[in-house]
Amino acid sequence: MSTYNFGNVNGPANFGDHGRIEIDHQNPDLPALMDCADRLSEALHAEYPGLVRNGEVIQGELAQSAEDGLPPNRGRIRTALENIAIGASAGTASLAFTRQLLTALGL
């Protein structure tokens, strides 16, 4: 067994996070998210009327966030987006807007 002191485990090139892991999802632009959620709801009305309630949940959470200034309830939004992703077919506008929201929110 060696007792050699390895020193800086990040190496001379200074790679690594120096013992910190920082995950920082920027706060997405709320008006842009609300616009995307509106377009998602429009697409759901046209393509999947049975999933419209999920779009309304997302719109409601974003509207409440705009009203009270707090971050949106990511759990409720994630659940609604997952329900849409399960029910929407590939190549539809509903799925495209769902993916945009998932990416923007870092979910």
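As a reminder, the structure under discussion sits directly above these lines.
Residues numbered from 1 in each chain as written. Predicted model: local features only at pLDDT ≥ 70, side-chain atom pairs only at ≥ 80, totals over all residues. Heavy atoms only, no water.

Caption draft 1: A look at the side chain of S65. Mapping S65 onto the fold places it in helix 2 (residues 52-68). Owing to a relative accessible area of 8%, S65 belongs among the buried residues under this scheme. Once residues within four sequence positions are removed from consideration, S65 is found in contact with L30, L70, P71 and P72. (Helix = DSSP H or I, 4+ residues; strand = E, 2+ residues; numbered from the N terminus. Buried < 20%, exposed > 50% of the residue type's maximum accessible area, 1.4 Å probe, protein only. Contact = heavy atoms within 4.5 Å.)

Caption draft 2: Examining the packing of helix 3 (residues 74-87) against helix 4 (residues 93-105) more closely. At a minimum axis distance of 10 Å, the contact between helix 3 and helix 4 shows a crossing angle of 150 degrees. The angle between the axes of helix 3 and helix 4 places the two elements in the roughly antiparallel class. Where helix 3 crosses over helix 4, the two elements pack in a sense that is left-handed. Packed against helix 3, whose contacting residues are R74, I77, L81, I84 and A85, the element helix 4 presents S94, L95, T98, L101, L102 and L105 at the interface. Classifying every residue of the contact of helix 3 with helix 4 by side-chain character gives 8 nonpolar, 2 polar and 1 charged. (Axes fitted to C-alpha atoms, helices over the stretch in contact; angles between N-to-C directions. Parallel < 35°, antiparallel > 145°, perpendicular 65-115°, else oblique. Left-handed = near helix turned anticlockwise from the far one by under 90°. Nonpolar A, V, L, I, M, F, W, Y, C, P; charged D, E, K, R; others polar.)

Caption draft 3: Molecular detail of the nonpolar core. In this structure, L40, L44, I58 and L101 are the most contacted members of the largest nonpolar core, which totals 21 residues. Within the residue set of this core, elements represented by two or more residues are helix 1 (30-47), helix 2, helix 3 and helix 4. Beyond its immediate chain neighbours, meaning those up to four positions away, L40 contacts I58, L81, I84, S94, F97, T98 and L101. (Core = buried A, V, L, I, M, F, W, Y, C linked by side-chain atoms within 4.5 Å.)

Caption draft 4: Region of interest: the environment of A32. Along the polypeptide, A32 turns up in helix 1. The class of A32 is partly exposed, set by a relative accessible area of 42%. Through-space distance from the C-alpha of A32 to that of L101 is 9.8 Å; in sequence the pair is 69 residues apart.

Caption draft 5: Region of interest: the packing of helix 2 against helix 3. Across the interface, helix 2 lies against helix 3 with an axial gap of 9 Å and an inter-helix angle of 155 degrees. Considering the angle they form, helix 2 stands roughly antiparallel to helix 3. With respect to the hand of their crossing, helix 2 and helix 3 are arranged in left-handed fashion. Contacts from N54, G55, V57, I58, E61 and L62 in helix 2 reach R76, I77, A80, L81, N83 and I84 in helix 3. Class assignment of the residues belonging to the contact of helix 2 with helix 3 gives a composition of 7 nonpolar, 3 polar and 2 charged.

Caption draft 6: Quick peek at helix 4. Here helix 4 is 13 residues long and its end C-alpha atoms lie 18 Å apart, about the 18 Å a rise of 1.5 Å per residue gives. Residues of helix 4 that are buried include every one of S94, L95, F97, T98, L101 and L105, and no others. Down the axis, helix 4 shows its buried residues gathered within 165 degrees of arc, on one side only. Structural note: helix 4 exposes R99 and T103 on the side pointing more than 90 degrees away from its buried face. Residues of helix 4 that are buried sit in contact with helix 1, helix 2 and helix 3. Note on helix 4: the residue one or two positions beyond its end, G106, has a positive phi of about 70 degrees. (Expected span 1.5 Å × (residues − 1). Arc of directions from axis to C-beta.)

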